[in-house]
Amino acid sequence: MAKTTEPTIIKKYANRRLYNTGTSTYVTLEDLALMVKAEEDFVVFDAKSGDEITRSVLTQIIFEQENKGQNLLPITFLRQLIRFYGDSMQNVVPSYLDFSISSLTREQDRMREQMSNALGTTAFDVIEDQVKRNAEIFDRAMRMFLPFGAGKEGEENGQAGQARPAEPAKGPAAASADDLDALKRQLADMQKKIDSIADGGKG
């Protein structure tokens, strides 16, 4: 049976029961987790208010999985993630995390092969190498698209003694809300550049 292009509607009632309108049955968070793994798209609405609560329910699924001992989120990552709330970089973090997990998804087959064939190389070494490569690619793409700040290139020129004319200090921390909104709009185009840079880095 072919998958439909429209996401399945899940309704959440006051008693916390979840109703799958596609199958006309009540489901659990575990059922929704299986749908995610099967790449079945769905959206969740509060049955009373009509508000979309997909993000909240997906977070609950992660919480349930973590409680079962299937820990994917390191303590250090969770602490740092909390620190970003309210920070000037908060609007950039979702895009960076989305890029990182998308890159990991695209590279997962290659990484599995490397880990199975590696002699004396741990899974952590392979993942760490991939993370470093992703960070470098994202950093280069950010410096290419950011409308503010000289980035590392400016720092290198300054170290070489080629001082630039004095300009008002700029940077992500001093960026206005409009700058961050513009950055978010540019991220879709940035993906093409990122893929281009990544392909060039393999050579």
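Scoring rules and cut-offs
Residues numbered from 1 in each chain as written. Predicted model: local features only at pLDDT ≥ 70, side-chain atom pairs only at ≥ 80, totals over all residues. Heavy atoms only, no water. Helix = DSSP H or I, 4+ residues; strand = E, 2+ residues; numbered from the N terminus. Buried < 20%, exposed > 50% of the residue type's maximum accessible area, 1.4 Å probe, protein only. Contact = heavy atoms within 4.5 Å. Arc of directions from axis to C-beta. Pairing = 2+ DSSP bridges. Axes fitted to C-alpha atoms, helices over the stretch in contact; angles between N-to-C directions. pLDDT = per-residue confidence, 0-100. Salt bridge = Lys/Arg side-chain N within 4 Å of Asp/Glu carboxyl O. Phe/Tyr/Trp six-rings, centres within 6.5 Å; stacked < 30°, edge-to-face > 60°. Lys NZ or Arg CZ within 6 Å of the ring centre and 35° of its normal. Patch = residues over 30% accessible without salt bridge, like charges linked within 9 Å, V, L, I, M, F, W, Y side chains within 5 Å. Areas by Shrake-Rupley, 256 points an atom, 1.4 Å probe, with all protein chains shown as cover. Expected span 1.5 Å × (residues − 1).

Enquirer: Before we go on, may I ask you to explain the overall build of the protein in this structure?
Expert: Along the protein, the regular secondary structure elements total 7 helices and 4 strands. If you list the helices and strands of the protein from N to C, you get β-β-β-α-β-α-α-α-α-α-α. Taking all 203 residues of the protein together, 22% fall into the buried category. Residue pairs at least 24 apart in sequence account for 53% of intrachain contacts in the protein once pairs closer than 6 positions are excluded.

Enquirer: Can you walk me through helix α1 (residues 29–37) in this structure?
Expert: Side chains that are three or four residues apart share a direction in an α-helix, a result of its 3.6 residues per turn. Along α1, the residues classified as buried are L32, A33 and M35. Taken end-on, α1 shows its buried residues confined to a sector of 160°, consistent with a single buried face. In this structure, the buried side of α1 is in contact with β1 (8–12), β2 (18–20), β3 (25–27), β4 (42–46) and α2 (54–67). Downstream of α1 by a residue or two, E39 has a phi angle that is positive, lying close to 60°.

Enquirer: What's the story with the sheet that holds β1 in this structure? I'm lost.
Expert: Across a sheet, strands are paired by hydrogen bonds formed along the backbone, either parallel or antiparallel in direction. Pairing is mixed in the open sheet, where 4 strands are placed in the order β3-β2-β1-β4. A single partner strand is all that each edge strand has here, and the edge strands are β3 and β4. For this sheet, the mean inter-axis angle between neighbouring strands, taken without regard to orientation, is 35°. Sheet topology places β1 next to β4; 5 bridges connect them, and they run parallel. Bridge assignment links I9 to a residue of β4, and that residue is V43.

Enquirer: I keep staring at the pairing of β1 and nothing clicks. Help me out?
Expert: Where a strand is regular, its side chains alternate between the two sheet faces. Pairing between β1 and β2: 3 bridges, direction antiparallel. The partner of K11 across the bridge, within β2, is Y19. Taking the residues that link successive antiparallel strands as the turn, the β1-β2 hairpin has 5 residues, and the phi of R16 there is positive, at about 75°.

Enquirer: Is there a simple way to explain the confidence of the model for the protein in this structure?
Expert: Detailed conclusions should not be drawn from predicted coordinates in areas where pLDDT is low. For the protein, mean pLDDT is 73; residues scoring 70 or higher make up 53% of the total. Confidence drops under pLDDT 50 across residues 149–175; counting only partners more than four residues distant or on other chains, this segment forms 16 contacts.

Enquirer: Explain the pattern of salt bridges here, please?
Expert: Side chains bearing opposite charge may pair, as long as their charged atoms lie close to each other. Following the criterion strictly, the structure yields 1 salt bridge and no others. In this structure, E30 engages K68 in a salt bridge whose closest nitrogen and oxygen atoms are separated by 2.6 Å. Taken as a pair, E30 in helix α1 and K68 in the loop between α2 and α3 (75–84) lie far apart in primary sequence, 38 residues in all.

Enquirer: What is the right way to look at the packing of aromatic side chains in this model?
Expert: Working definition: an aromatic ring pair is given by the centre-to-centre distance plus the angle between the planes. In the structure shown here, the tally under the stated rule is 1 aromatic pair. Between Y19 and Y26 the ring centres are 5.1 Å apart and the planes differ by 70°, which places this aromatic pair in the edge-to-face class. Judged by its relative accessible area of 44%, Y26 falls in the partly exposed class. The ring centre of Y26 lies 3.8 Å from the NZ or CZ of R17, which sits over that ring.

Enquirer: Honestly, a nonpolar patch on the surface in this entry has me stumped. Any pointers?
Expert: A contiguous nonpolar patch, built from I62, L72, L73, I75, F77, L78 and L97 and spanning about 600 Å² of accessible area, is present on the exposed surface. Ranked by the residues each element gives to the nonpolar patch, the list is headed by α3, at 3 residues. Relative to the elements of secondary structure, I75 occurs in helix α3.

Enquirer: Help me understand α2, please; the structure alone is not making it clear to me.
Expert: With 14 residues, α2 extends 20 Å from end C-alpha to end C-alpha; this agrees with the ideal 20 Å at 1.5 Å per step. Among the residues of α2, those classed as buried are T54, V57, I61, Q65 and E66. Here the buried face of α2 lies against α1 and β4.

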